[in-house]
Amino acid sequence: MTHPAAARYQGLFPVVPTPFTETGDLDLASQKRCVDFMIDAGSNGLCILANFSEQFLLSDDEREVLTRTILEHVAGRVPVIVTTTHFSTKVCAERSRRAQDMGAAMLMVMPPYHGATFRVGEPQIHAFFQQLSDAVRIPIMVQDAPAAGTPLSAAFLARMATEIEHVSYFKIETAGAAAKLRELIRLGGDAIEGPWDGEEAITLVPDLDAGATGAMTGGGFPDGIRPILDAWRAGRRDEAIAAYERWLPLINIENRQCGFLAAKSLMKEGGIIDCEAPRHPWPAVQPAGRALLIETARRLDALALRWGK
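The paragraphs below set out a description of the structure included in this document.

Reading guide: rules and limits
Residues numbered from 1 in each chain as written. Predicted model: local features only at pLDDT ≥ 70, side-chain atom pairs only at ≥ 80, totals over all residues. Heavy atoms only, no water. Buried < 20%, exposed > 50% of the residue type's maximum accessible area, 1.4 Å probe, protein only. Helix = DSSP H or I, 4+ residues; strand = E, 2+ residues; numbered from the N terminus. Right-handed = clockwise from strand over helix to strand, strands pointing away. Core = buried A, V, L, I, M, F, W, Y, C linked by side-chain atoms within 4.5 Å. Contact = heavy atoms within 4.5 Å. Axes fitted to C-alpha atoms, helices over the stretch in contact; angles between N-to-C directions. Left-handed = near helix turned anticlockwise from the far one by under 90°. Nonpolar A, V, L, I, M, F, W, Y, C, P; charged D, E, K, R; others polar. Expected span 1.5 Å × (residues − 1).

**A look at the pairing of strand E7 (residues 140–144)**
At step 1: Among the five residues that make up E7, five are buried, leaving the element largely enclosed by the rest of the structure.
At step 2: A two-sided burial pattern is seen for E7, the buried positions comprising Ile140, Val142 and Asp144 on one face and Met141 and Gln143 on the other.
At step 3: In the classification by handedness, the crossover that spans E7, the intervening helix H5 (residues 154–163) and the parallel strand E8 (residues 167–172) is right-handed.

**Focus: the nonpolar core**
At step 1: Counting 91 residues, the largest nonpolar core has Phe129, Met160, Phe170, Leu204 and Ile225 as its most contacted members.
At step 2: Per-element accounting of this core gives the leading share, eight residues, to helix H9 (residues 237–258).
At step 3: In contact with Phe170, other than residues within four places in its own chain, are Met141, Val142, Leu157, Ala161, Leu184, Ile192, Gly194, Pro195 and Trp196.
At step 4: Residues Cys47, Ile81, Met106 and Trp196 belong to the second largest nonpolar core, which totals 14 residues.

**Observations regarding the environment of Lys32**
At step 1: With respect to the helices and strands, the residue Lys32 is situated in helix H1 (residues 28–40).
At step 2: Note on Lys32: relative accessible area 36%, which makes it partly exposed.
At step 3: As for Lys32 and Met160, which are separated by 128 residues in sequence, their C-alpha atoms are 36 Å apart.
At step 4: Every residue in contact with Lys32, bar those within four places of it in the chain, is listed here: Thr69 and His73.

**Overview of the packing of helix H4 (residues 122–135) against H5**
At step 1: Where H4 meets H5, the closest approach of the two axes is 11 Å, and the angle between their N-to-C directions is 35 degrees. Of the two elements, H4 crosses H5, and the hand of that crossing is right-handed. Contacts between H4 and H5 involve Glu122, Ile125, His126, Phe129 and Gln130 from the former and Phe156, Arg159, Met160 and Glu163 from the latter.
At step 2: Taken together, the residues that form the contact of H4 with H5 break down as four nonpolar, two polar and three charged.

**Considerations on helix H2 (residues 60–74)**
At step 1: Compared with the 21 Å implied by 1.5 Å per residue over 15 residues, the 21 Å span of H2 between its first and last C-alpha is a close match.
At step 2: Those residues of H2 lying buried are Glu62, Arg63, Leu66, Thr67, Thr69, Ile70, Leu71 and Val74.
At step 3: After H2 finishes, the residue Ala75 shows a positive phi value of roughly 55 degrees.

Just distances and angles here, no functional claims.
This is the structure we're talking about:
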């Protein structure tokens, strides 16, 4: 089994939201402040263009602008994972090469899917990731997320890890994540360099117990999540659990009430970004849910509410 210290990347890599103006244009000034806050708040690294970045509402040209802008602004302060998911193997490989050339530390990719019913089987998925790996030189994280609607068994994921050179990180977000992480680690051994938690850390403690070495959460409160991971890694389990229990109400509101708009609402409230609106046709956050989010964050003295003021 790979020792955790040997993993290239571990810790907290939250997803960077994409701020827009009131008219729906990219707001690059707010984007840079958002990134600066997330680094100052303790992120070990960042992930961009994920679902929580509203990637499904971005044009290809905007993806390029955001990737270049964010990587240049980060300037090596922390490693950045770039999401390059696409149904087409060719398009995904091309996106991935461009991200790599711009300075991405890792790629995050869901299996090929489109809409509610367009899926492919394991042979095509294996070939997809094999061709993607052949096209790049950096690690690939397989995002095992309900959004793809594609069953990915622990055995199949472990087989890809052992057979495909750069497939070595796995963000497990499906039901029963802890059990799946355990089985993935058992079957994949040294090939599983990065077993990671996801889904806004709603299952973080069971996933850490199962062997997760990284967490990809929402971007609104890295200052709350990072100490949990640090304490756990240092062997202070009781301290980590106590910290998790303290922040769990806010994690729950993000995961179950506000979704990817939680980070933007916190950042707008704290003066980090100028506008929290999603891009049409996604609806704005429900006002009562937003009020509860801010109230809960204030009780925790979340950094997002004071960093920009």
